[in-house]
Amino acid sequence: MLWVVLPYVTFAVLVVGSVWRYRYDRFGWTTRSSELYEKRLLRIGSPLFHIGLLVVILGHLAGLVIPASWTAAVGIPEDVYHLVAALAGSAASAVLVLGLLILIYRRRATSAVFLATTVMDKVMYAMLALSVLSGAWATATTQLVTEHGYDYRETISPWFRSLWYLQPQPELMAGVPVAFQVHIVAAFLLFALWPFTRLVHAFSAPVPYLFRPYVVYRSRDEGRTTAAPGGSGAHRPRPGWEPPTGPARRS
Amino acid sequence: MKVMAQMSMVMNLDKCIGCHTCSVTCKQAWTNRSGTEYVWFNNVETRPGLGYPRTYQDQDEWHGGWVRTKRGRLKLRAGGRLKKLATIFASPKMPSIQDYYEPWTYEYDMLLSAPQGAHTPVARPRSLLTGKDMKIEWSANWDDDLAGSTATMQDDPVLKHMSEHVAEELEQTFMFYLPRICEHCLNPACVASCPSGAMYKRAEDGIVLVDQEACRGWRQCVTGCPYKKVYFNHKTGKAEKCTLCYPRIEVGLPTVCSETCVGRLRYLGLVLYDADRVTEAASVEDEHELLAAQRSLFLDPHDPEVVAAARREGIPEDWIDAAQASPIWKLISDYEVALPLHPEYRTLPMVWYIPPLSPVVDVVASSGNDGEDPRTLFAAISRLRIPLEYLAGLFTAGDTRPVERVLRRLAAMRSYMRDVNLGNTPDEATASAVGMTGPQVEEMYRLLAIAKYDDRYVIPTAHAEQARDLEEIACSLDYEGGPGMGGAGPLGESSGPPVPVAVENFHALSSRQTADSPNGPSTPGRVNLLNWDGNGRPDGLFPPDDEGKTS
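Quantities reported herein were computed from a predicted structural model and do not represent experimental measurements.

Chemist: Requested: an account of the overall build of chain A, with residues and values cited.
Modeler: Each helix and strand in chain A was counted, giving eight helices and one strand. Along chain A, from the amino end to the carboxyl end, the secondary structure elements read α-α-α-α-α-α-α-α-β. Of all 251 residues assigned to chain A, the portion counted as buried reaches 31%. Expressed as a percentage of contacts within chain A between residues at least 6 apart in sequence, the contacts between residues at least 24 apart total 70%.

Chemist: Any details on the confidence of the model for chain B? Residues and values, ideally.
Modeler: Close inspection of predicted coordinates is inappropriate for parts of the model with low pLDDT. Residue and element names in this part refer to chain B. For chain B, mean pLDDT is 86; residues scoring 70 or higher make up 83% of the total. Every residue in residues 464-489 scores below 50 in pLDDT, and together they form 49 contacts with partners more than four places removed in sequence or on other chains. Overall, residues 519-524 carries pLDDT values under 50, and its contacts beyond four positions in sequence, including any with other chains, amount to twelve contacts. What the predictor reports for the complex is a pTM of 0.83 with an ipTM of 0.83.

Chemist: Account for the packing of helix α21 (residues 400-421) of chain B against helix α23 (residues 438-450) of chain B, with residues named and values stated.
Modeler: In helix packing, the relevant descriptors are the interaxial angle and the interaxial distance, both defined with respect to the helix axes. All names here are of chain B. The N-to-C vectors of α21 and α23 enclose an angle of 100 degrees; their axes lie 10 Å apart at closest approach. Put simply, α21 runs roughly perpendicular to α23. When α21 is examined against α23, the residues A412, M413, Y416 and M417 are found in contact with a partner set consisting of G438, V441, M444 and Y445. Residues belonging to the contact of α21 with α23 are distributed by class as follows: seven nonpolar, one polar and no charged.

Chemist: Quick rundown of the nonpolar core? Include the residues and the values.
Modeler: Core analysis: the biggest nonpolar cluster contains 143 residues, and M199(B) and L272(B) have the highest contact counts within it. Residue contributions to this core peak at eight residues, all from α21(B). In contact with L272(B), other than residues within four places in its own chain, are V3(B), A5(B), F298(B), L299(B), P301(B), V306(B), A310(B) and A323(B). Counting residues in each nonpolar core, the second largest holds 19 residues, with L48(A), A92(A), A136(A) and A186(A) among its members.

Chemist: Go over unusual backbone geometry with me, naming the residues and quoting the values.
Modeler: Put simply, R47(B) and P48(B) share a cis peptide bond, and its omega is -5 degrees. Residue position: P48(B) is located in the loop between β2 (43-47) and α2 (59-62). In this structure, the amide linkage connecting Y52(B) to the following residue, P53(B), adopts the cis form with an omega of -10 degrees. Phi at L166(A) takes a positive value of approximately 65 degrees, unusual for a residue other than glycine.

Chemist: Please give an account of helix α2 (residues 40-65) of chain A that cites residues and values.
Modeler: All names here are of chain A. Taking 1.5 Å of rise per residue, the 26 residues of α2 would be expected to cover 38 Å, and the 38 Å separating its terminal C-alpha atoms lies within 8% of that figure. Of all the positions in α2, only L42, G45, S46, L48, F49, G52, L53 and V56 are classed as buried. For α2, the elements touching its buried residues are α4 (78-109).

Chemist: Which residues make up the sheet that holds strand β14 (residues 339-340) of chain B, and what are the values?
Modeler: All names here are of chain B. One open sheet holds the five strands; their spatial order is β13-β12-β1-β15-β14, and the pairing between them is mixed. In this open sheet, the two edge strands, each paired with only one partner strand, are β13 (298-299) and β14. Strand direction decides the pairing type here: strand β1 (residues 3-12) and strand β15 (residues 351-354), joined by four bridges, are parallel. Bridging from a neighbouring strand, V10 pairs with W352 of β15.

Rules used throughout
Residues numbered from 1 in each chain as written. Chains lettered and ligands numbered in written order. Predicted model: local features only at pLDDT ≥ 70, side-chain atom pairs only at ≥ 80, totals over all residues. Helix = DSSP H or I, 4+ residues; strand = E, 2+ residues; numbered from the N terminus. Buried ≥ 20, exposed ≤ 12 C-beta atoms within 10 Å, placed from the backbone. Contact = placed C-beta atoms within 7 Å. pLDDT = per-residue confidence, 0-100. Axes fitted to C-alpha atoms, helices over the stretch in contact; angles between N-to-C directions. Parallel < 35°, antiparallel > 145°, perpendicular 65-115°, else oblique. Nonpolar A, V, L, I, M, F, W, Y, C, P; charged D, E, K, R; others polar. Core = buried A, V, L, I, M, F, W, Y, C linked by C-beta atoms within 7 Å. Expected span 1.5 Å × (residues − 1). Pairing = 2+ DSSP bridges.

Here it is in structure tokens:
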């Protein structure tokens, strides 16, 4: 049942929790950066961690979402796939673990940063470290030591996809090595914690920044306008105060 | 032509006595909270000096503001959009707390609770960041009045651009104060840096604000602002900045710093400008042309064509009247005595300064000459190269001619008005030597020296003013989720929909500020656990016990 209930509960908590938090606590929705306190270690650790993490996430998507039959269909042999995945995955997870260790050391050793660490942060850090380290451990023990490695694309990946078809196949997870099982459970717990921690900042990755005009204009009215001074925006901001909306209608 | 209105400020530096009243009242009003200990929306720097944060003007180091590319386009000095996003994981050019100062408190409790002993108890400084004892080595105004300046003054970025050995010579001849707030730029680099789009320039009055609900704490605005006037609240993880006291401005009151200024040196008013030409003016190739380019943006509010265009844009009639009466327009464009701070950052700042003449007068007077004789003064202005170059480094990207012109105008006003006050016939030649007429000089004197309250602050009030008054009479507390509706909401303070600031909750806030209990008389204080930093036991964390005390 672990492999059916936990994923769906986690998914529900993640979605409902995020929506709830976004609606009620937009003010708390932030990275809660501690760069102001300490900069030297952060400048090394944080990019290592985040970039390693992005590569690892891409790797997970490739491994979990794309069925083995598809890669075979476009002519990628299994051992080539495994070699690329194992090497790229190991490199990225090494970067990720290094970054994480630097960040955890920094959080503990810099007294100002440690003092600014909330209980929620500590729980989050524990789950984050557990899922990252168990993932790296699973990769190291199953993929690197043996020649062909553990073929998760026959068990974990179909199980993961079966969750999305709403026809879960928990039996696929029966023979999976313990390291992977720990990794998966830890990751789901982390996702369940997600909406209640600073991790929400990942949902506001500022991609629209690439496409908006540099200078944002907004009227005193709540409605947002992003008209450029040249008038390229759709809505022309109206100078002067907006007519009063009665206090009751203000939401 | 697209006419927009901008609320802006001019400061007359001759009158600044460096009392820091503006800084203190501003801090009491806006940043006396945990997380903003080091945040000074308004600060007063002694010049020459390092400024706050230290050496913020050195853009080779901090990468603030804009640069002009070879193709004549504007680019953020810290990098384009892609580079910004690529370096978002550790904003590399952001100052750390050591570049400001580590905030501290004193163990005042020791003074009362120390056991009887041979020595007087001492309240030792304790860091507000680490909670440990600390040695205070720097603060917001460590080099106030040139204190310790022989050790630090060489690092003044403006001086570094001048020749090397002038520092100490300068110290003997020249010192003045520079009060600084956010510049509310026409081409704000902080707004352009914000990845979340949380910072914006208000379309009505040009005030630059941070949407606290939309800020995600990426910290790029701190790097982007070349004046380092956006601060990072280290408790909430959000950017905060000078708001030009918009709740006061909206109801027609001057900002707190202006209202409380002892020297009455601040002027507030509207200017109308052509928003279509902002980018063009900021991209002028020659840095020395930036002053003229920015001046050319401002539209003459008396010009019927401008008035017609303003009406077409929907600018209300009383705003146009206010723009016509604006002291800012007079000082910048009529008398041309106000200059922008560091135009070379290309942000088109909108807090301008009248450079100080008094140091020159002091030098002349102390050498036994007549400090009010126009010829002596004119000669001294052009002879005192060092102060002139320093002022030019601050206000005109190093071009001494506009500064000299302003100082000559101020000197001419001084001589002309002496004749008036002594009952002599004022010498029209003194005025015409600086391109003005006698009556113009007297008007300028009235604005600069008499500086009546109503002349200094011409602030058009909010359009809904009367309706707002009525609202407040009805019941200022009864808006949805307000204190009148009972309680702070299910999730504690600072959660839930935004509470309207300004008139609507003015009385609620003031009664809360003066209440005996921090939670107010009726509201059970509840704590938003998501924002709680895990330290201590905030009031309201647990429900009141039987005695009715909060534990």
